[in-house]
Amino acid sequence: MDLIRHLECFVAVAEESHFGRAAARLGMAQPPLSQRIQRLERELEVRLFDRTSRQVALTKAGRLLLPEARELLARSESLRAAARRIRDGESGLLRAGLPPDIAGDTVAALLTGFQDRRSGVELELHELSTTDQLARFAAHELDVGLIHHPCDVTGLELGPVLRRELGVLLPRHAEAAGLTEVPLSALAGSDLILFPRAGAPVLYDDLLTTCARGGYTPPAVRHGQGVSFVRGLVLSVGAVAFGPRDAQAADPDADLVWRPLAGAPLAWRHSVAWPRGHGDTAVRAFADAATHALRTTADARPDTPTRPMRLRPASEYWL
């Protein structure tokens, strides 16, 4: 028995005190309405109405059950409305990923922009590498994320690809620190601080290949991601690290400097990604907010690649 539909019939008859008027209100014939009331009475094992040829009146049981029926109908409609909002991406939970290199100002701008666009959606934000995001997409544990290119995007839809040019962070006493723009070859002899390869292996290999082509093959590659940790390594071992200008906060003791790279040979390329066919309004609101935040706080620009992105199968990302 469709309890909700039967309760709607009960409430309509109770409020109209007439089967004919209740049937017209519900858009149905009177005999099926009478049958539904009888089925409901059998199901509840109480008589709801006293019926005469001239009028219909609630019994004592009917009067006591009417408020309960109205409350159940209101909850039913609230449930349907919530389901519609979730279906349309206007409510619910959105699980999103951001890579560790995104600066605090950009994260704050993204959160504000998303809330302005979808205030009814709870955003559950996770700091995840590209590898981890791809794994969670495959496991259906992530709804949307900001990924690094190049990577395997099979089964994903993408927002616009944005480019953030990289510079170099180096000790102030380093010879290259005196240059306005630093050629890669000027870094020869310096160790390199780089994110762990497992986080984005294709990007990692691509970056080292570009460095080698530019005349820089680091004697050693040390791994780190946190801003403070990377700065500590640069200061203590005289190494260098690559990063966009927005990720390099002013150094309080002025022992480190950031310089752009001559010819802009290195860049992070980002885009928002989500599983194909699941780009609801909440996902697209996140994509819009992330793209706007990157462009306004991180000087990200639309990417115009000069050579095709080299992709590898997703299996390489789960090391």
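What counts, and at which threshold
- Residues numbered from 1 in each chain as written.
- Predicted model: local features only at pLDDT ≥ 70, side-chain atom pairs only at ≥ 80, totals over all residues.
- Heavy atoms only, no water.
- Helix = DSSP H or I, 4+ residues; strand = E, 2+ residues; numbered from the N terminus.
- Rg over C-alpha atoms; globule rule 2.2 N^0.38 Å.
- Contact = heavy atoms within 4.5 Å.
- Areas by Shrake-Rupley, 256 points an atom, 1.4 Å probe, with all protein chains shown as cover.
- Lys, Arg positive; Asp, Glu negative; His and termini not counted.
- Charge placed at Lys NZ, Arg CZ, Asp CG, Glu CD.
- Salt bridge = Lys/Arg side-chain N within 4 Å of Asp/Glu carboxyl O.
- Buried < 20%, exposed > 50% of the residue type's maximum accessible area, 1.4 Å probe, protein only.
- Core = buried A, V, L, I, M, F, W, Y, C linked by side-chain atoms within 4.5 Å.
- Domains from an automatic or database assignment.
- Buried area = accessible area lost by both parts, 1.4 Å probe.

K.L.:
Can you explain the overall build of the protein? Please cite residues and give values.
P.N.:
The helix and strand tally for the protein stands at 9 helices and 13 strands. Its C-alpha radius of gyration of 31 Å places the protein more than 25% over the 20 Å reference for a compact globule of 319 residues. Along the first, second and third principal axes, the C-alpha atoms of the protein reach 105 × 40 × 30 Å. Within the protein, contacts between residues separated by at least 24 positions form 75% of all contacts whose residues are at least 6 apart in sequence. Working note: accessible area of the protein is about 16,400 Å², and carbon and sulfur atoms make up 51% of it. Treating the 38 positive side-chain charges of the protein as one cloud and the 39 negative ones as another, the clouds have centres 7 Å apart.

K.L.:
Break down the pattern of salt bridges for me, citing the residues and quoting the values.
P.N.:
The full count for this structure, using the stated rule, is 16 salt bridges. The partner of Arg21 in a salt bridge is Glu16, and the shortest N-O contact between them spans 3.9 Å. Note on Glu16: relative accessible area 23%, which makes it partly exposed. Asp191 is the salt-bridge partner of Arg222, the closest N and O atoms lying 3.3 Å from each other. On the criterion of sequence distance, the pair formed by Arg222 in strand E9 (residues 221-223) and Asp191 in the loop between strand E7 (162-171) and strand E8 (192-194) is long-range, its members being 31 residues apart. You can call Arg222 partly exposed: its relative accessible area is 35%. For Asp191, a relative accessible area of 15% translates into the label buried. Connected through salt bridges with shared partners, the residues Glu15, Glu16, Arg21, Arg25 and Arg70 form a single ionic network.

K.L.:
Now, about the nonpolar core: what can you tell me, with residues and values included?
P.N.:
Counting residues in hydrophobic clusters, the biggest one holds 24 residues, and the most contacted among them are Leu94, Phe114, Val144, Val272 and Phe286. Elements that contribute at least two residues to this core include exactly strand E3 (92-98), helix H5 (104-117), strand E4 (121-127), strand E5 (144-149), strand E12 (267-275) and helix H9 (281-297). Looking at this core element by element, the count peaks at 9 residues for H9. Every residue in contact with Leu94, bar those within four places of it in the chain, is listed here: Phe114, Val121, Glu122, Leu123, Glu124, Asp143, Val144, Ala282, Val283 and Phe286. Judged by nonpolar contacts, the second largest core, of 23 residues, contains Leu166, Leu184, Leu192 and Phe242.

K.L.:
Mind laying out the domain arrangement of the protein, listing which residues take part and the relevant values?
P.N.:
Domain boundaries in the protein define domain 1 (3-86), domain 2 (92-160 + 271-302) and domain 3 (162-267). Domain 2 and domain 3 are separated by 26 Å when their C-alpha centres are compared. Counting from both sides, the interface comprises 21 residues of domain 2 and, opposite them, 13 residues of domain 3. Together domain 2 and domain 3 conceal approximately 1,300 Å² of surface at their shared face, both sides included; 60% is due to carbon and sulfur atoms.

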